[in-house]
Amino acid sequence: MSGRADFPDGFRWGAATAAYQVEGATDAGGRVPSIWDTFVRRPGAVLNGDTGDVAVDHFHRFREDVGIMGDLGLTAYRFSVAWPRAHASGEGGLAFYDRLVDALLDAGIEPWPTLYHWDLPQELEDAGGWPSRDTALRFADFAARAHQVLGDRVTNWLTVNEPWCAAFLGYASGDHAPGRRDPGDALLAAHHLMVGHGLAVQAMRAQRPGNRFGAAVNLYAVSPASDSEADVDAARRVDGLQNRFFLDPLLLGRYPEDVLADLERFGFAPPDADLAVINQPIEHLGINYYSRHTVSGDPDSAPQAASSPFAEHSPWVGSDHVRFPSTGRPVTGMGWEIDPSGLTEVLVRLHREYPAVDLCVTENGAGYQEEPSNGTVHDPERIGYLDGHLRACHDAITAGVPLRGYFTWSLLDNFEWAWGYSRRFGLVHVDYATLRRAPKDSARWYAEVIRRGGLGDRG
Ligand code: PNW
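Residues numbered from 1 in each chain as written. Predicted model: local features only at pLDDT ≥ 70, side-chain atom pairs only at ≥ 80, totals over all residues. Heavy atoms only, no water.

Caption draft 1: Layout of the overall build of the protein. A count of helical and extended segments in the protein gives 15 helices and 15 strands. A globule of 459 residues ought to have a C-alpha radius of gyration of about 23 Å, and the protein, at 21 Å, matches this closely. Split into buried and exposed, the 459 residues of the protein put 64% on the buried side. Sequence-distant contacts in the protein: of pairs separated by 6 or more residues, those separated by 24 or more amount to 78%. Of the roughly 16300 Å² that the protein leaves accessible, carbon and sulfur atoms contribute 49%. Across the protein, 41 positive and 62 negative side-chain charges occur, with their mean positions spaced 4 Å apart. (Helix = DSSP H or I, 4+ residues; strand = E, 2+ residues; numbered from the N terminus. Rg over C-alpha atoms; globule rule 2.2 N^0.38 Å. Buried < 20%, exposed > 50% of the residue type's maximum accessible area, 1.4 Å probe, protein only. Contact = heavy atoms within 4.5 Å. Areas by Shrake-Rupley, 256 points an atom, 1.4 Å probe, with all protein chains shown as cover. Lys, Arg positive; Asp, Glu negative; His and termini not counted. Charge placed at Lys NZ, Arg CZ, Asp CG, Glu CD.)

Here is the structure:
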């Protein structure tokens, strides 16, 4: 367990970011406003009124940032392509990604773009947003355009990031943009995000069948707080809405029956033809893993949501009574319980219960409130978190799981959605006043892990 953990040759050692969280330059090159540009201006929506207007200015500093990736020895970099930039003026809006991809390839770093990391053009939200099926069609057009420009040099593609968050935090709890609170719309949003994934894969594959496509879903290990019937049923519902509601359509071509039954009163009845679209063959699945949900069901309790500093409304559509009692495990600065064994559990479950597909951890990391002392951030907690989760990945590989890579969240401190700049996930500290980058202890630790191709004996 704590011995050496050597990873297979060719295993990808990566880090991830997303456009709105790092780029800034929200007016450059005819970029149109996204739902996050609007949402951050809503009073009380984001802690301290922070916005992504400047973020960490990656748009202008990407060459420096690619240099940092090179210093760390990263072999892959996951970023997102901003739909609001592409939406601008023809191919012009994608020129930034053209340059970024070339810089990455020059540095020997494999680009892993994600096409939707939550920045829907505001005009498409005004036309109905994700609850409207038309948004999925528009997304496929955008995917085809991005793939047309970059697909000659970029092999590995991810369509949507964390459709659970985009749908249920965006349209049910209102913690994320566009900040709507309608459970029926949230279900439609989830469904159309998945349809958008399927249509995008079809469109891109038609252009270049040799490239590799997939989505990135946020999965949790889920356990009932006790073996009481109420807790076991609450865990079934949370696993249903968090994990199976996305995995079953994607990989099996159907929604889980029990979840459909729970959601019946919202009139959620997706057409069969859509399931065939969602269930496109894919070459890889991205898993974003942060924590385990321990769940209890108390019909008398108030709905509970812990997704943002404000959370008053539950994202758990159809299951307002579920609660997430603390188990006493240590937590990160987000309040999320740390449980690396849950990552092994999730990976092994995917391997055993779903058709074979290459897996990749596309996000995993820990956010804290932290500041440098004497010029350096000492972040032993983050190192411990990453060490534990990489060992969990290794355990999964040992159990036969085809895990092909690991991307830590995140390369740089950045705009953490409803939490603004108050929580830092980076391996590299960013001083928000000067935008100066400085590697944390965890960055040096990760570089050493990459250099030796795994973990040594745990100290
Ligand atoms: C993911 N929740 O977001 C995103 O993909 C990243 O953009 C983000 O920075 C990272 O994880 C850290 O938060 C999430 O409340 C945001 O359950 C909120 C939740 C989960 C994931």
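Caption draft 2: Highlighting the UniProt feature "binding site: substrate" (unreviewed entry) in the protein. The UniProt entry lists Gln21, His117, Asn161, Tyr290, Trp409, Glu416 and Trp417 under the feature "binding site: substrate" (unreviewed entry), expressed in the numbering used here. Assignment of secondary structure puts Tyr290 in the loop between β8 (284–288) and β9 (292–297). Look past the residues within four positions of Tyr290 in its chain and what remains in contact with it is Glu162, Trp336, Glu337, Glu363, Asn364, Gly365, Tyr385, His389, Trp409 and Phe425. At a separation of 2.6 Å, a polar atom in the side chain of Tyr290 contacts the side chain of Glu363. By the secondary structure assignment, Trp417 is in the loop between β12 (403–409) and β13 (428–431). (UniProt positions renumbered as here; feature names shortened; annotations may be inferred. Polar contact = N/O pair within 3.5 Å; in protein donor to acceptor, adjacent residues only side chain to side chain.)

Caption draft 3: Expanded view of the site of the ligand. Looking at the ligand, there are 18 residues lining it, with Gln21, His117, Glu363, Glu416 and Trp417 nearest. Take Glu162: an N or O atom from its side chain is 3.3 Å from an oxygen atom of the ligand. Between the ligand and Trp409 there is a distance of 3.1 Å, counted from an oxygen atom to a side-chain nitrogen or oxygen. Broken down by element, the residue count for the shell around the ligand peaks at three residues, all from helix α8 (residues 163–171). Here the shell around the ligand is built from residues that sort into 10 nonpolar, five polar and three charged. (Near = heavy atom within 4 Å. Nonpolar A, V, L, I, M, F, W, Y, C, P; charged D, E, K, R; others polar.)

Caption draft 4: A look at helix α5 (residues 95–106). Along its 12 residues, α5 runs 17 Å from first to last C-alpha, staying within 8% of the 16 Å computed at 1.5 Å per residue. Looking only at α5, the buried set comprises Phe96, Tyr97, Leu100, Val101, Ala103 and Leu104. The buried residues of α5 all sit within an arc of 165° when viewed along its axis, so they share a single face. In this structure, the buried residues of α5 make contact with α1 (19–22), α3 (58–72), β3 (76–80), α4 (83–86), β4 (110–116) and α7 (133–150). Once α5 finishes, Gly108 follows within two positions and takes phi at roughly 75°, a positive value. (Expected span 1.5 Å × (residues − 1). Arc of directions from axis to C-beta.)

Caption draft 5: Spotlight on the nonpolar core. Within the largest apolar cluster, 157 residues are counted, with the highest numbers of intra-cluster contacts made by Trp36, Tyr116, Phe168 and Phe245. By residue number, the principal contributor to this core is helix α9 (residues 183–207), which donates 11 residues. When residues no more than four places from it in sequence are discounted, the contact partners of Phe245 are Phe168, Leu187, Ala190, Gly240, Tyr255, Pro256, Val259, Leu263 and Phe268. (Core = buried A, V, L, I, M, F, W, Y, C linked by side-chain atoms within 4.5 Å.)

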